[in-house]
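# Coordinate inspection notes
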Amino acid sequence: MKSLVIFDLDGTLLNTIDDLAAATNHAMSTLGYPVHGLWVYPNMVGNGVAKLIERALPDDARSESTIQKALGIFKEYYNEHCCDATQPYPGITEMLQDLTARGVSLAVTSNKYEEGVTKLIHHYFPDANFKAILGSVEGMPRKPDPSIVFKALSMCPTPKSEVLYVGDSGVDMETARRACIESVGVTWGFRPIHELKEAYADHILSTPTQIISLVTGEE
């Protein structure tokens, strides 16, 4: 039985790709740079918004000043439009309700800036038992550095043997490995299964119901 489940956000709890793409393309077009098709964005996200902006910019425009200017435009747009098309993946809301009813503590640790993480969690999952809602903040390294996981554990002290880390990417699996926490890679997110396998996911699951079974030890 696990007492705490730590989730990634984008690609794990929420399908945010349409709104991330719209905000990034808005920043690109505002600054006069080419925009990108939706299909390229799953391979551009996962390392924080600044890295997303850097990847979206043309190679010869990736100066720090341009990245920061585009980042400001992105955040202003995304803060207003982050819930336009974003939705929980099928079964996620019910899974969180089930875990909450069983007394399992929940946390989210994301490379998205923390203001955006907090807004999305409160909007989509207001009744779930989240003890820590953490995103990228100045001075804290991003995943796969495990610092954000350790911060979540400080807010919800739990033996590591009773913790499960759930994410959709190799970055998430590496984060869990560095934190010495059992990992779950989910197949419904932004990254392919082979990435999860190559990152040595302890479990690879295809439905939220399977997470409940793993947490509870029930088959």
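Structure: above.
Along every chain, residues carry numbers that run from 1 in the direction the sequence is written. Restriction of local features to residues with pLDDT of at least 70 applies here, the model being predicted, together with a cutoff of 80 or more for giving and counting side-chain atom pairs; totals for whole chains, interfaces and linings are based on all residues. As a rule here, side-chain values come from all non-hydrogen atoms in the structure, and water together with hydrogens is ignored.

### Section: helix α5 (residues 114-124)
In an α-helix, one turn spans 3.6 residues; hence positions three or four apart end up facing the same way. Here is the rule we go by: Here's how the labels work: a residue is buried when its accessible area is under 20% of the maximum for its type, exposed when over 50%, partly exposed in between, all with a 1.4 Å probe on protein chains only. Working definition: helices are DSSP H or I runs of at least four residues, strands are E runs of at least two. Numbering for both runs from the N terminus. In this context, the arc is that of the directions from the helix axis out to the C-beta atoms. Note on contacts: a residue pair is in contact if any heavy atoms of the two residues lie within 4.5 Å.
For α5, the set of buried residues is Gly116, Val117, Leu120, Ile121 and Tyr124. Angular distribution of buried residues about the axis of α5 spans 125 degrees; they occupy a single face of the element. Considering only its buried residues, α5 is in contact with β2 (14-15), α3 (64-81), β3 (87-88), β4 (105-113) and β5 (130-136).

### Here we look at the packing of aromatic side chains
Quick note on the threshold: Pairing of aromatic rings covers Phe, Tyr and Trp, the last through its six-membered ring, and needs centres within 6.5 Å; plane angles under 30 degrees mean stacked, over 60 mean edge-to-face, and all others mean tilted.
Enumeration over the complete set of coordinates arrives at three aromatic pairs. A centroid spacing of 6.5 Å and a plane angle of 70 degrees characterise the contact between Tyr78 and Tyr113, whose relative ring orientation is edge-to-face. Taken together, the residues Tyr78 in helix α3 and Tyr113 in strand β4 connect sequence positions 35 residues apart. Overall, Tyr78 belongs to the buried group, its relative accessible area being 1%.

### What to know about helix α6 (residues 147-155)
Of all the residues in α6, the buried ones are Ile148, Val149, Ala152 and Leu153. Down the axis of α6, the buried side of the element spans an arc of 145 degrees, and every buried residue falls inside it. Buried residues along α6 sit against β1 (4-7), β4, β5, β6 (163-167) and α7 (170-179).

### Here's the deal with the nonpolar core
Where we set the bar: Nonpolar cores are built from buried Ala, Val, Leu, Ile, Met, Phe, Trp, Tyr and Cys residues. Side-chain atoms within 4.5 Å join them into one set.
Membership of the largest hydrophobic core comes to 52 residues, with the highest contact counts inside it found for Phe7, Leu13 and Phe74. Setting aside chain neighbours within four positions, we find Leu13 in contact with Phe7, Asp8, Gln87, Pro88, Tyr89, Ile92, Met95, Leu96, Ile121, Phe125 and Phe130. Residues Ile148, Leu153, Ala179 and Ile181 belong to the second largest nonpolar core, which totals 15 residues.

### Describing the pattern of salt bridges
Counted only if it meets this: A carboxyl oxygen of Asp or Glu within 4 Å of a side-chain nitrogen of Lys or Arg is what we treat as a salt bridge.
Summed over the entire model, instances satisfying the criterion amount to ten salt bridges. Two residues, Lys2 and Glu182, come together in a salt bridge whose shortest N-O distance is 2.7 Å. One end of the pair, Lys2, is in the segment before β1; the other, Glu182, is in strand β7 (residues 182-186), and 180 residues separate them in sequence. Bridged by salt links that share partners, the residues Asp8, Lys143 and Asp172 form one connected network.

### So, the side chain of Thr158
What counts is decided by this rule: Here a polar contact means two N or O atoms within 3.5 Å. Within protein one must be a hydrogen donor candidate and the other an acceptor candidate, and residues neighboring in sequence count only if both atoms are side-chain atoms.
Turning to its location among the elements, Thr158 is positioned in the loop between α6 and β6. Here Thr158 falls in the buried class, since its relative accessible area comes to 16%. Only 2.8 Å separates the side chain of Thr158 from the backbone oxygen of Cys156, close enough to count as a polar contact. Among all residues touching Thr158, those that are not within four sequence positions of it are Ser3, Leu4, Leu153 and Val163.

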